[in-house]
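The lines below spell out each chain.
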Amino acid sequence: MRVLVVGSGGVGTAVARTAAQWDLFERVGVADVSLQRAQRAVAGAGDRVGAHRGDAPDEGHVGAVRQ
């Protein structure tokens, strides 16, 4: 299973890093309007975690995120 966390603030970062530790998820993505913020959120979280640029109000933008 793959999961995408939308938003890389404090809660999004904590959720992504915790989910990355579970064997339940094949991949964990973090999307934020700021790619740099998403990259900081996943730094050191492992190979199964990726950062993406995504604008939450734009369904097409977030839906286009692929791991």
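This text goes with the structure placed above it.
Residues numbered from 1 in each chain as written. Predicted model: local features only at pLDDT ≥ 70, side-chain atom pairs only at ≥ 80, totals over all residues. Heavy atoms only, no water.

Draft legend 1. Examining the pattern of salt bridges more closely. A full pass over the atoms with the stated rule returns two salt bridges. Note that R2 and E26 form a salt bridge whose closest N and O atoms lie 3.4 Å from each other. Placement of the pair is R2 in strand β1 (residues 2-6) and E26 in the loop between α1 (10-21) and β2 (27-32), with a sequence separation of 24 residues. Overall, E26 belongs to the partly exposed group, its relative accessible area being 44%. Across the pair D32 and R37 runs a salt bridge, and its minimum N-O distance is 2.9 Å. On the basis of relative accessible area, D32 is assigned to the buried category, the value being 8%. (Salt bridge = Lys/Arg side-chain N within 4 Å of Asp/Glu carboxyl O. Helix = DSSP H or I, 4+ residues; strand = E, 2+ residues; numbered from the N terminus. Buried < 20%, exposed > 50% of the residue type's maximum accessible area, 1.4 Å probe, protein only.)

Draft legend 2. Structural detail: the pairing of strand β3 (residues 49-53). Across five bridges, β2 lies against β3 in parallel orientation. Residue pairing in the sheet places G29 in a bridge with G50 of β3. Considered for its hand, the β-α-β crossover made up of β2, helix α2 (residues 35-42) and β3 is right-handed. (Pairing = 2+ DSSP bridges. Right-handed = clockwise from strand over helix to strand, strands pointing away.)

Draft legend 3. Focus on the nonpolar core. Listed in full, the 11 residues of the largest apolar core are V5, A16, A19, A20, F25, V28, V30, A38, A41, V42 and V49. Where this core is concerned, the elements lending two or more residues are α1, β2 and α2. Beyond its immediate stretch of four places on either side in the chain, V30 contacts L4, V5, G7, S8, A16, A38, A41, V42, G50, A51 and H52. (Core = buried A, V, L, I, M, F, W, Y, C linked by side-chain atoms within 4.5 Å. Contact = heavy atoms within 4.5 Å.)

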